[in-house]
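What the coordinates show
Here are the chains, one letter per residue:
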Amino acid sequence: MKKLASVTLLLGLIIGLVACNQKEKKEVVVSPTQKLVDQYAEFELTTDLNLLTEKEKQMLPILIEVADIMEELFWKDAIGDKSEFLSKLTDPAAVAYSKINYGPWDRLDDNKAFIDGFGAKPKGANFYPKDMTAEEFDAIKDEMKTDWYTKIVRDEDGTLRVAPYHEVYPEEIKKASDLLKKAAELAEDAGLKKYLELRAEALLTDDYLASDLAWMDMKSNTIDFVVGPIETYEDALYGYKASHSGQILVKDKAWSEKLSKFASLLPRLQEGLPVPPEYKAEKANANADMNAYDVIYYAGDCNAGSKNIAINLPNDPRVHAAKGSRKLQLKNAMQAKFDKILVPISDLLIDESQRKNVTFDAFFENVMFHEVAHGLGINYTLKDKVSVRKALKDTYTSIEEGKADILGLYMITQMAEWGEMDKSKLMDNYVTFMAGIFRSVRFGAASAHGKANMMRFYFFEEQGAFTRDAATGTYKVDFEKMKAAMNELGRQILIVQGDGNYELAKQMIADRGFIREDLQKDLDRVNSAGIPKDVVFKQGTKVLGL
Ligand SMILES: [Zn+2]
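This one's a predicted model, so the numbers in the text were calculated from it and none came from an experiment.

**Regarding the overall build of the protein**
Across its full length, the protein carries 23 helices and 13 strands. Dimensions of the protein along its principal axes, counting C-alpha atoms only, are 70 × 70 × 55 Å. In the protein, buried positions account for 52% of the 546 residues. Taking the contacts inside the protein whose residues are at least 6 apart along the sequence as the reference set, 73% of them involve residues at least 24 apart. In the form shown here, the protein has an accessible surface area of approximately 25,000 Å², with 52% of it arising from carbon and sulfur atoms. One finds the centroid of the 73 positive side-chain charges in the protein at a distance of 2 Å from the centroid of its 86 negative side-chain charges.

**Structural notes on the coordination of the zinc ion**
At this site the zinc ion is bound by H370 (NE2), H374 (NE2) and E401 (OE), with donor distances of 2.1 to 2.2 Å. Positions of the donor residues of the zinc ion along the chain correspond to the pattern H-x3-H-x26-E. Here the residue H374 occupies a position in the loop between α15 (360-373) and α16 (388-392), and E401 occupies one in helix α17 (residues 396-417), the gap between them amounting to 27 residues.

**Observations regarding the packing of helix α20 (residues 479-499) against helix α21 (residues 502-512)**
At a minimum axis separation of 8 Å, α20 and α21 run at an interaxial angle of 140°. Our classification of the angle between α20 and α21 gives oblique. Crossing hand, α20 versus α21: left-handed. For the pair formed by α20 and α21, the contact residues are Q492, I493 and V496 on the first element and L504, A505 and M508 on the second. A per-class count over the contact of α20 with α21 returns 5 nonpolar, 1 polar and no charged.

**Describing the pairing of strand β12 (residues 474-477)**
Pairing between strand β11 (residues 466-469) and β12: 4 bridges, direction antiparallel. By the bridge assignment for β12, T467 is matched with K476. The turn joining β11 and β12, which pair antiparallel and follow one another in sequence, is formed by 4 residues; a positive phi near 65° is taken by G473.

**Here we look at the packing of aromatic side chains**
Within the structure shown, the criterion is met by 30 aromatic pairs. Centre to centre, the rings of Y128 and F137 are 5.9 Å apart; their planes meet at 80°, and the pair counts as edge-to-face. Exposure class is identical for Y128 and F137. Each is buried. Relative to Y238, the ring of F137 lies with its centre 4.5 Å away and its plane at 20°, an arrangement referred to as stacked. Residue F137 is found in helix α6 (residues 134-139), and its partner Y238 is found in the loop between β6 (223-229) and β7 (244-251); the two are separated by 101 residues along the sequence. Residue classification places Y238 among the partly exposed residues on the basis of a relative accessible area of 29%. Among the aromatic residues, those joined into a cluster by ring pairs are F74, W75, F85, Y102, W105 and F118.

**Notes on the sheet that holds strand β10 (residues 326-330)**
Pairing in this open sheet of 5 strands is mixed, and the strands run β6-β7-β8-β10-β9 from one edge to the other. Strands at the two margins of the open sheet, each flanked by one partner only, are β6 and β9 (310-313). Averaged over all pairs of adjacent strands, the angle between strand axes in this sheet comes to 35°, irrespective of strand direction. Pairing analysis gives 4 bridges linking β9 to β10, with the strands arranged antiparallel. The residue of β10 that forms the bridge with I311 is L328.

**Describing the environment of L328**
Relative to the helices and strands, L328 resides in strand β10. We classify L328 as buried; its relative accessible area is 0%. As for L328 and K251, which are separated by 77 residues in sequence, their C-alpha atoms are 9.1 Å apart. With residues near it in sequence (within four places) discarded, L328 still touches W215, D224, L249, N291, Y293, I309, A310 and I311.

Rules of the game
- Residues numbered from 1 in each chain as written.
- Predicted model: local features only at pLDDT ≥ 70, side-chain atom pairs only at ≥ 80, totals over all residues.
- Heavy atoms only, no water.
- Helix = DSSP H or I, 4+ residues; strand = E, 2+ residues; numbered from the N terminus.
- Buried < 20%, exposed > 50% of the residue type's maximum accessible area, 1.4 Å probe, protein only.
- Contact = heavy atoms within 4.5 Å.
- Areas by Shrake-Rupley, 256 points an atom, 1.4 Å probe, with all protein chains shown as cover.
- Lys, Arg positive; Asp, Glu negative; His and termini not counted.
- Charge placed at Lys NZ, Arg CZ, Asp CG, Glu CD.
- Donors = N, O, S within 2.8 Å, 3.2 Å for Na, K, Ca; no water.
- Axes fitted to C-alpha atoms, helices over the stretch in contact; angles between N-to-C directions.
- Parallel < 35°, antiparallel > 145°, perpendicular 65-115°, else oblique.
- Left-handed = near helix turned anticlockwise from the far one by under 90°.
- Nonpolar A, V, L, I, M, F, W, Y, C, P; charged D, E, K, R; others polar.
- Pairing = 2+ DSSP bridges.
- Phe/Tyr/Trp six-rings, centres within 6.5 Å; stacked < 30°, edge-to-face > 60°.

Fair warning: the whole summary comes from geometry, so function is off the table for now.
What follows is the structure in structure tokens.
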């Protein structure tokens with residue numbers, strides 16, 4: 001707490017000084033913790049309520065109540081007693097940043113403590129007793145110890161016990177379950193009704209299988225609610241324990257229709273790929289279950305630190321085997337990151353004459369078609385008929401992500417040329433694609449997708465797809481050359497995949513898959529300009545206009 005006290009003292013002094021020198025130039029001094037808070041730009045979560053029925057509108061406040069219970073349970077997952085922790089904080093910035101992080105550890109900075117007096121974050125968060133040793137865990141006989149929906153607790157006599165969530169949090173769980181049943185009564189869509197009923201039951205028993213299956217069966221619903229213990233990342237000790245989360249979504253039915261139309265064009269797009277016939281002989285695969293949504297509420301795990309812009313669920317392999325999985329693209333969450341992050345980056349790095357071409361529609365299309373493009377191309381090598389994944393080993397993800405990026409843009413180009421999309425907006429897709437590369441590698445390119453971005457960036461540079469103006473430090477797209485480069489890179493990637501050419505894939509990554517000095521200097525400019533790193537949401541019934 002020492003640092004906090006001194007920061008408060010310092011702030012007091014500064015405010016005093018400002019007050020004394022009111023007529024002189026006012027200096028705004030921002031505390032170090034406030035600077036951390038400012039890394040998150042605020043964004044309002046709304047949706048077009050006119051698209052909802054009366055009963056759907058009545059359902060939302062009930063779902064928000066359930067989400068708020070998940071919020072409280074996630075505090076327990078992450079740290080334990082929320083009120084006790086928050087009551088010790090005096091600096092409002094420390095309170096604000098703790099609420100973003102659900103504790104005193106900075107999720108954007110490897111979970112380092114940002115408040116003095118706190119050590120490193122326990123790896124097992126609050127899912128296990130903090131003093132539990134690995135030997136002790138290994139010695140537990142109960143098979144349920146690795147279950148997603150249990151905690152390990154230490155009884156008064158010191159013995160460890162496995163306790164399902166519904167026994168650890170009986171009151172909260174009962175209340176959430178009752179509210180879900182109440183919401184189910186309002187549901188007009190039969191699939192949603194069944195899912196909510198089964199989810200209410202699942203909370204009480206910690207058996208989520210039936211409700212996960214019902215969630216996959218639900219197709220015609222407008223409202224969706226991802227609720228309960230979902231992801232296991234918060235458990236950095238073993239990755240067993242799922243944390244509580246509540247995300248309320250409204251399906252964008254116009255986009256769903258567009259997607260099914262585009263899916264019907266996949267065979268023609270596969271045929272048009274810029275490769276010899278043998279490399280495009282496989283059938284294109286449409287991801288049957290992908291839709292766009294507005295998120296209207298984030299609570300608990302999904303709201304901690306960096307916000308998700310897509311959801312891929314469920315996690316249960318039994319459900320995958322029976323029904324596959326679903327991809328949910330979160331349109332307004334993407335809009336938040338576009339407005340608050342991509343636009344300011346473009347203002348620094350994109351040629352002034354082309355900044356008007358950086359648009360949200362293009363950004364969203366690029367993201368959506370990246371996903372669809374995973375289904376184009378080739379899955380088995382021509383010669384040995386092994387899976388491309390197996391043949392390309394550790395290079396596979398970089399090559400495959402690079403393929404999806406470039407073929408996504410290829411699909412948009414083709415469809416614009418066929419008159420299926422607005423051709424006059426194609427330049428937006430290209431310039432926004434370029435700006436997207438800077439956003440993706442802003443904090444480094446070590447990830448598989450980062451390497452894919454850099455391979456493309458330097459390939460584009462070599463082909464003259466863009467030029468950099470040394471005087472302004474901005475980049476300008478050359479449409480025709482970028483289109484040619486796109487086709488050529490698409491061709492090279494598909495051939496590497498079809499040939500299962502591991503050596504060449506490795507070479508491509510080694511040659512171009514990293515950030516060189518010049519670009520690093522430009523990225524340093526972005527990172528010193530105070531552009532937010534993520535977003536934090538204003539949300540709730542008032543924001544929605546309910
Ligand atoms: Zn991908």
